Each structure stands twice: as C-alpha cells, then as structure tokens.
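Next come the chains, spelled out residue by residue.
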Amino acid sequence: MSSITNILVTDDEPATLKTLSAALEDMGYRVTTAANGREALALIKKQPRNVVIADIKLPDISGLEILEAAKELNPETAVIMITGHASIETAVNAINEGAYAYILKPVAMNELDTIIRNALREQRLLIENRELVESLQQSNRRLEEANRALEQVSQAKSDFMAKMSHELRTPLNSIIGFSEVLLSKLSSIDHKTHNEFLNYIHVSARHLLHLINSILDLSKIESGKMTFEPSEFDLAVMLEGVKITVLPMLATKGQTLETEIGEGISSIFADEAKMRQIFLNLISNAHKFTRTRGKIRVICRLETPHLLHCSVIDNGIGISPQDQLRIFEEFGQVKTSPNARGQGAGLGLSIAKRLVELHGGKIWVVSEVGHGSTFTFSIPLAKKGGA
C-alpha cells in the first residue's frame, strides 16, 4: 500500500493500540496513534487522515464524535469503528452517522486490511468522480460563457450591419435624389441651385467613401492584413496637414482647432499614414460631440525620449463613466446624450485604438458628462532601421 496513506488509530487500551499500529505499519501504512478522543480530535484538526480507526467507546468522548469531526473536515475520510461491546443498535448508529465499517475486537488484521483497501479504492473513486464533476461543471461554465459571448458578438454584428445599412443608404439616397433632379428633362433649376445640388452630391459621395474606407480598414485589422510601415517624418508638418483636412468639417459648426508640439519633438519614426488616420479619427469624433463654436486642442509631448504622448481635447458633451468602458468597441456606438448619435457608423474610435495598438501603444479616455473629453494615446517611437 502506498506510503501516502495516513491512518489515525484511536483506542484507550494500550495493548490494542500498539498491536494495531504495528500491524498496520507492517502493511505499509503511515500510522499515527491517539490514546483518547480529545487527542484524536486535535490530530484530525491538525491534519485530515485518509482513514480513521476509532474505538466507539472512549473514556472522554464518544467515537461517534470523532467520526463526525473527521467527516466534517474531509467527507472522503473512511472511518472504521471498532468495539469489544457489540450491539446491533450501536452498529446501525455508526453506519447511519457515516462510518465506513464496524468491526469487533479482537480485530482480525486480514479483515481490517481488506476493509481499508476497499475503503481507499472507494475513496479514490469518489475523489475522481468529484474532480470529473468539477471539470464538467467548469467546462459547462466556459461553454455557457462562450455561447453568451457568441450571442453578444452575433447581436453586435447584426446591430452593426443594420447601422451600416442605414449609414450607407443615407448618402446614396442623397446622391440618387439630387442627381435625378439634375438629370430630369423637366428640371428648370437655376445655376445657383444646380451648384448646391452638385455640392450635396459631392459631400454625400465623400461621406460614402469614408464609410467604405472605414469598413475596409476594420476588415484589414480583423484579418491581420494591416501592415506596420514606419518611416521618418515631421510630426508638426503631418499635424498641419491634418488641420488643413479637417478645417472645412470644423467650419460647419464654427469650431476651432489648436495644435501644440512639445519641446524635443521634430522628426519621429512611426507609420505616418496610420498616425494621420489616428488623429483624423479622434478629431472627427471630437467634432461630432462638441457644440457649435466649441474648441478642440491637440497636444503632443515626449513622456520619455522614446515614448510619445498625444491628446485630443474637446469641451463637448462628455461621456459617462459606464459608457467609457465601451467607447472603443467595434460594433456599436455609445449614447452620450439623447441627440448625440446618428452621426457616423461608430468605427472611428475602434479603428484608432487598433492603429495605436499596431504601434505597440495604448489609448484611453478621461471624460466627464458636460465637461468634455480627453482622448490620449501613447506609442513607443520606433528606431530608424527597426521596429
């Protein structure tokens, strides 16, 4: 029998205790003895045993109390009761209380060894069964969590497709409607209205192109086909180009944009196209949720010689704490006010996050409802000649 099997023997008869201990040790068991019930309880509480052999009648406490304590600490413990004063009632009581077996003195060692072996076999089966049940329960929990996650993803994608269908139809309907008026032979619009209609068509077409490009970018990121192509460029010049690009958009709400480049920043080595898109997405998001004549600021500084921090700050409507946890999700938009949404497909921030992560950086938001938002990203600057 394996030496890891620990047996506690309790009996108030020294001769019996010595005989049982010696015989069990010869069988290969690790044996601890206790001369009374209180000593046995102390040993059990100190270290649970595989098997407890206890005289049912001890001078201080009942063997049934030892049985109860052993089972409470370890339900798999096999408790074998022995006695020299047998009765059917005491045997039934012991078994009902959870004893594995009940044997008479003088103890037949072959019988006791057989009982112990059977008890240990059942004990192993019980433990294996419990571990199997626990494993199955864990597997079921993981499966349930995976199913819930799949349902959430499926619902999110369904919501995304519904949203995108609406977003794509809106500029398309505008393009079709105004172009049909211009193409109509019955149309008698003047030159000014003609140009206005062409402008509407142009704006709608550019909006449609932006939506399609966003979807393609997200698809590339999800499929792992978005590459990282660092090069050396002037951050201030790049930001000036971004500013020129977004000024017409900001002008529609009378908003201003300020840029501030910290000391020590000139040429940096990063993916210029993706950095440009990060800023465009963050500024576009700030524009949508900043009121008319609001102010947007872009501040970049070096946190360390090789770590760039950039913040896009607005004085817009802000974001609630619970919504800040979802603001970068791909398939959804966070409602920051009853009238805030319906502007875009909600892909800008998720794409910006992925592009920042492609640089090995991270992005976060600090915001308070009614007091604007600050989106900050930090990226390690690649060294020329390597990633």
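Residues numbered from 1 in each chain as written. Predicted model: local features only at pLDDT ≥ 70, side-chain atom pairs only at ≥ 80, totals over all residues. Heavy atoms only, no water.

A. Structural context of the packing of aromatic side chains. Per the stated rule, a full pass over the model turns up 5 aromatic pairs. Measuring from ring centre to ring centre gives 4.8 Å for Phe178 and Phe197, while their planes differ by 55°; the resulting arrangement is tilted. In this pair, Phe178 is assigned in helix α5 (residues 109-183) and Phe197 in helix α6 (residues 191-223), connecting sequence segments 19 residues apart. Phe178 gets classed as partly exposed once you look at its relative accessible area, which sits at 24%. Summarising the aromatic geometry, the rings of Phe279 and Phe377 are spaced 5.4 Å apart at their centres and angled 65° between planes, so their arrangement reads as edge-to-face. Taken as a pair, Phe279 in helix α8 (residues 272-288) and Phe377 in strand β12 (residues 373-380) lie far apart in primary sequence, 98 residues in all. Here Phe279 falls in the buried class, since its relative accessible area comes to 0%. Phe377 gets classed as buried once you look at its relative accessible area, which sits at 0%. (Phe/Tyr/Trp six-rings, centres within 6.5 Å; stacked < 30°, edge-to-face > 60°. Helix = DSSP H or I, 4+ residues; strand = E, 2+ residues; numbered from the N terminus. Buried < 20%, exposed > 50% of the residue type's maximum accessible area, 1.4 Å probe, protein only.)

B. Up close: the sheet that holds strand β5 (residues 101-104). Spatially, β2-β1-β3-β4-β5 is the arrangement adopted by the 5 strands of the open sheet, whose pairing is parallel. Each having just a single partner strand, β2 (30-34) and β5 make up the two edges of the open sheet. Neighbour to neighbour, the strand axes of the sheet diverge by 20° on average, direction disregarded. Across 4 bridges, strand β4 (residues 78-83) lies against β5 in parallel orientation. Of the residues in β5, the one forming a bridge with Ile82 is Ile103. Lying over the sheet, helix α2 (residues 37-46) contacts β1 (6-10), β2 and β3 (51-55), oriented at roughly 140° with respect to β2. (Pairing = 2+ DSSP bridges. Axes fitted to C-alpha atoms, helices over the stretch in contact; angles between N-to-C directions. Contact = heavy atoms within 4.5 Å.)

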